[in-house]
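The residues making up each chain are set out below.
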Amino acid sequence: QVQLVESGGGVVQAGDSLRLSCAASVRTFSTYSWAWFRQAPGKEREFVATISWRLGSTAYADPVKGRFTISRSIRKNTVYLQMNNLNPEDTATYYCAGADRRASVAASEYGIWGPGTQVTVSS
């Protein structure tokens with residue numbers, strides 16, 4: 001029943017922008033905190049950004065602060081990640097994740113995950 005599908009990844013040049021989307025097939029979209037994580041080959045999965053379920057407050061990992069913006073459309077059951085001024089260090093598979101009635105930056109707190117979308121940034 002629950003399904004997350006990311007889209008919007010691709011291959012871009014350094015300095016370019018991408019907007020990732022996560023379409024969430026859930027009954028109660030607004031009771032979830034939503035987040036983006038990323039994982040590069042040989043690296044641990046890392047937190048990128050989250051938007052909380054209560055007030056929609058956002059939090060970002062230091063490397064993306066000022067460049068990435070997470071947002072959501074409750075009506076559309078979709079979460080977005082606007083990524084500006086991309087650099088090669090942003091190259092990774094990006095995953096959308098949801099945590100029901102909790103707010104966290106820890107991957108272990110998120111119960112539902114999408115399959116990921118690849119972002120490749122060339123120098």
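These notes cover the structure that comes with them. (Residues numbered from 1 in each chain as written. Predicted model: local features only at pLDDT ≥ 70, side-chain atom pairs only at ≥ 80, totals over all residues. Heavy atoms only, no water.)

### Comments concerning the pattern of salt bridges
As a reminder of what qualifies: Salt bridge, as used here: a side-chain nitrogen of Lys or Arg that lies within 4 Å of a carboxyl oxygen of Asp or Glu. Summary of the burial criterion: residues with accessible area below 20% of their type's maximum are buried, those above 50% are exposed, and those between are partly exposed, where the area comes from a 1.4 Å probe applied to protein chains only.
Evaluation of the coordinates by the stated rule reveals 6 salt bridges. A salt bridge links R38 to E46, with the nearest nitrogen and oxygen atoms 2.6 Å apart. The partly exposed category is assigned to E46, whose relative accessible area is 36%. Residues joined in a network through salt bridges with shared partners are R38, E46, R67 and D90.

### Some words on unusual backbone geometry
Glycine aside, a negative phi is what most residues show, and trans is what most peptide bonds show. Cut-off, in case you're wondering: Numbering goes from the N terminus for both helices and strands, where a helix is a DSSP run of H or I of at least four residues and a strand is a run of E of at least two.
For N85, which is not glycine, the phi dihedral falls at a positive 50°. Phi is positive for R101, close to 55°, though the residue is something other than glycine. By the element assignment, R101 lies in the loop between β9 (92-100) and β10 (112-113).

### Description of the side chain of R38
Applicable threshold: Two N or O atoms form a polar contact when they lie within 3.5 Å of each other; inside protein one atom must be a possible hydrogen donor and the other a possible acceptor, and for residues adjacent in sequence the pair counts only when both atoms belong to side chains. Residue contacts are counted whenever heavy atoms from the two residues lie within 4.5 Å of one another.
One can find R38 in strand β4 (residues 32-39). The exposure class of R38 is buried, given its relative accessible area of 5%. Looking at R38, its side chain comes within polar contact range of the side chain of E46, at 2.6 Å. A polar atom in the side chain of R38 sits 2.9 Å from the side chain of D90. Among all residues touching R38, those that are not within four sequence positions of it are E44, R45, E46, V48, P63, V64, F68, E89, D90, A92, T93 and Y94.

### Looking at the nonpolar core
The line we're drawing: Nonpolar cores were defined as sets of buried Ala, Val, Leu, Ile, Met, Phe, Trp, Tyr and Cys residues, with membership established by side-chain atoms within 4.5 Å.
Core analysis: the biggest nonpolar cluster contains 28 residues, and W34, W36, L81, M83 and Y94 have the highest contact counts within it. For this core, the secondary structure elements donating two or more residues are β3 (18-25), β4, β5 (46-51), β7 (68-73), β8 (78-83), β9 and β11 (117-122). The leading source of residues in this core is β3, at 4 residues.

### Observations concerning the sheet that holds strand β1 (residues 3-7)
Rules: Paired strands, as defined in this entry, are two strands with at least two bridges between them according to DSSP. Only the stretch in contact is used when a helix axis is fitted, and all axes are lines through C-alpha atoms; the angle between N-to-C directions ranges over 0 to 180 degrees.
Read from one edge of the open sheet, 4 strands run β1-β3-β8-β7, paired in antiparallel fashion. The sheet is open, and its two edges are formed by β1 and β7, each paired on a single side. Averaged over all pairs of adjacent strands, the angle between strand axes in this sheet comes to 15°, irrespective of strand direction. Examined bridge by bridge, β1 and β3 share 5 bridges and lie antiparallel to one another. Along β3, the bridge assignment pairs V5 with A23.

### Points about the environment of Q13
Tracing the backbone through its elements, the reader meets Q13 in strand β2 (residues 10-13). Owing to a relative accessible area of 45%, Q13 belongs among the partly exposed residues under this scheme. Once the C-alpha coordinates of Q13 and P41 are considered, the two residues, 28 residues apart in sequence, prove to be 19 Å apart. Filtering out sequence-adjacent residues up to four positions away, Q13 remains in contact with V121, S122 and S123. Among the polar contacts listed, one links the side chain of Q13 to the side chain of S122, at a separation of 3.1 Å.

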